[in-house]
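Structure at a glance
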Amino acid sequence: MVPVKVYLENESETVSLGQQLAQAIQPPLTLYLSGELGAGKTTFSRGLIQSLGHKGAVKSPTYTLVEPYELNGIDVFHFDLYRLSDPEELEFMGIRDYFADTSLCIVEWPDKGAGILPKADLLIDIQYLNQAREVTLTPQTPAGEKLLVTIHNNDKT
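These lines cover the structure that appears in this document, whether it is placed above or below. (Residues numbered from 1 in each chain as written. Predicted model: local features only at pLDDT ≥ 70, side-chain atom pairs only at ≥ 80, totals over all residues. Heavy atoms only, no water.)

Things to note about the sheet that holds strand β2 (residues 29-34)
In plain terms, the rule: DSSP bridges decide pairing: two strands pair if at least two such bridges lie between them. Under the DSSP-based scheme used, a helix requires at least four consecutive residues in state H or I and a strand at least two consecutive residues in state E, with every element numbered from the N terminus. Axis geometry follows a simple rule: fit a line to the C-alpha atoms, using only the stretch in contact for helices, then measure angles between N-to-C directions, giving values from 0 to 180 degrees. Contact between two residues is taken to exist if any of their heavy atoms lie within 4.5 Å; hydrogens are not considered.
On the basis of which strands lie adjacent, the open sheet formed by seven strands has the order β1-β7-β6-β2-β5-β4-β3 and mixed pairing. Both edges of this open sheet fall to β1 (4-8) and β3 (66-71), since each of them pairs with a single strand only. Pairwise comparison of adjacent strand axes, ignoring direction, gives a mean angle of 20° for this sheet. Here β2 runs beside strand β5 (residues 103-108); their pairing, made up of five bridges, is parallel. When the sheet's bridge partners are listed, Leu 33 is paired in β5 with Glu 108. Of the strands in this sheet, β1, β6 (122-129) and β7 (132-139) are in contact with helix α1 (residues 11-22), which crosses β1 at around 140°. Sheet contacts for helix α2 (residues 41-51): β2, β3, β4 (74-80), β5 and β6; angle to β5, the most-contacted strand, approximately 165°.

Structure (structure tokens):
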């Protein structure tokens, strides 16, 4: 499955990328978000979650591990595993129950849950590119490939 690269010049374009993907969300779906601190993982998540109908702030669930939203019949679970010290902690919180047929699971720092988390449909890697960002979207399943149809590469280098 071929990755797609998208170039984002600012926070607004990062939010817009999340909004574009939201248009094609059909659960069950799992997105893995990776990248350095401050790269834009939560900003992307905000664009996606608000486009699905959430009114208000979308905060990073760094301390709670998960922030749930029920939006238009979709159970959205936004995970931030940055502070997770052992993947086994996910078992104690009943992680498998979150990944249901009506769920969209957005997982920041998925490497922290290696061996416990289910496979992602789409890997989203956000990297710094000077003041801009380069996002690599890599589908892992047919559902992930379907999401990429909604992305229009803005051809910026």
